[in-house]
Amino acid sequence: YKNVELLINAWSTAKIGNAKLIIAGKPFNFEYKKSIESLCQGKGGIELILEFLPEDRLTSLIATSDIIVAPLQKTSSMNSGTLMKAVCSKKNIVIPAIDMAYDLGLENMFSYDYDDENSHMEELRKELKIAAETYLKNPEMYENMTNKLYQNALFNYGDEAMKDRYHKVYYEMRKHRKKNNFG
């Protein structure tokens with residue numbers, strides 16, 4: 001569902017000069033690791049860190065990155081920890097238009113939609129190029145988008161927003177209990 005192979009192929013055909021794609025994380029088995037390494041052979045601008053990354057190392061890697069990419073399978077991904085980690089780290093992201101992306105504001109990220117696997121690769125490739133061009137040629141726009149994305153995350157998922165949601169659920173449950181004479 002993370003579409004690593006698709007990302008590698010989209011990156012290779014996007015041909016974004018002066019940029020590097022870092023793929024990080026522990027593959028689920030040895031065969032998959034070898035498959036990813038083989039797919040990357042001969043393709044420039046890709047660095048593999050195929051191992052478990054402790055939280056501090058992951059945070060450091062994100063901090064040194066410019067843009068995060070999460071080409072998720074939209075049919076099986078409503079939300080994304082990667083999206084939240086990127087946004088909370090004040091980084092922008094290339095991601096399909098999943099539900100959580102809508103909540104945070106598609107206009108403030110590099111979001112795309114697709115119909116099938118072929119169009120997924122093409123739309124991802126296009127969005128990678130747009131993200132790189134925006135970052136490199138219009139840094140003020142990139143910064144504004146990223147700041148708005150961060151503010152939307154605070155508004156939708158910050159402590160105050162979550163506290164308000166829990167209070168609403170609690171009071172609705174209390175009203176329901178009283179109405180049904182449970183206490």
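Residues numbered from 1 in each chain as written. Predicted model: local features only at pLDDT ≥ 70, side-chain atom pairs only at ≥ 80, totals over all residues. Heavy atoms only, no water.

Colleague: Help me understand the packing of aromatic side chains, please; the structure alone is not making it clear to me.
Modeller: Aromatic ring pairs are described here by two measures, namely the spacing of the ring centres and the angle between the planes. Taken as a whole and judged by the stated rule, the model has 5 aromatic pairs. On the basis of an interplanar angle of 90° and a centroid distance of 5.0 Å, the ring pair of Tyr135 and Tyr142 is categorised as edge-to-face. Through a chain of ring-to-ring contacts, three or more aromatic side chains come together here, namely Phe110, Tyr135 and Tyr142. Directly above the ring of Tyr114 sits Lys74, whose terminal nitrogen or CZ lies 5.0 Å from the centroid. The cationic tip of Lys90 hangs over the ring face of Tyr150; the distance from NZ or CZ to the ring centre is 4.6 Å. (Phe/Tyr/Trp six-rings, centres within 6.5 Å; stacked < 30°, edge-to-face > 60°. Lys NZ or Arg CZ within 6 Å of the ring centre and 35° of its normal.)

Colleague: What is the right way to look at the sheet that holds strand β5 (residues 110-112) in this model?
Modeller: Backbone hydrogen bonds are what pair the strands of a sheet, in a parallel or an antiparallel way. Pairing in this open sheet of 3 strands is parallel, and the strands run β3-β4-β5 from one edge to the other. Two strands lie at the open edges of the sheet, namely β3 (67-69) and β5, each paired on one side alone. For this sheet, the mean inter-axis angle between neighbouring strands, taken without regard to orientation, is 10°. Summarising the sheet, strand β4 (residues 92-96) and β5 pair through 3 bridges and their orientation is parallel. Bridge assignment links Ile95 to a residue of β5, and that residue is Ser111. Lying over the sheet, helix α4 (residues 81-88) contacts β3 and β4, oriented at roughly 160° with respect to β4. Along the sheet face, helix α6 (residues 117-137) touches β3, β4 and β5 and points at about 160° away from the line of β5. (Pairing = 2+ DSSP bridges. Helix = DSSP H or I, 4+ residues; strand = E, 2+ residues; numbered from the N terminus. Axes fitted to C-alpha atoms, helices over the stretch in contact; angles between N-to-C directions. Contact = heavy atoms within 4.5 Å.)

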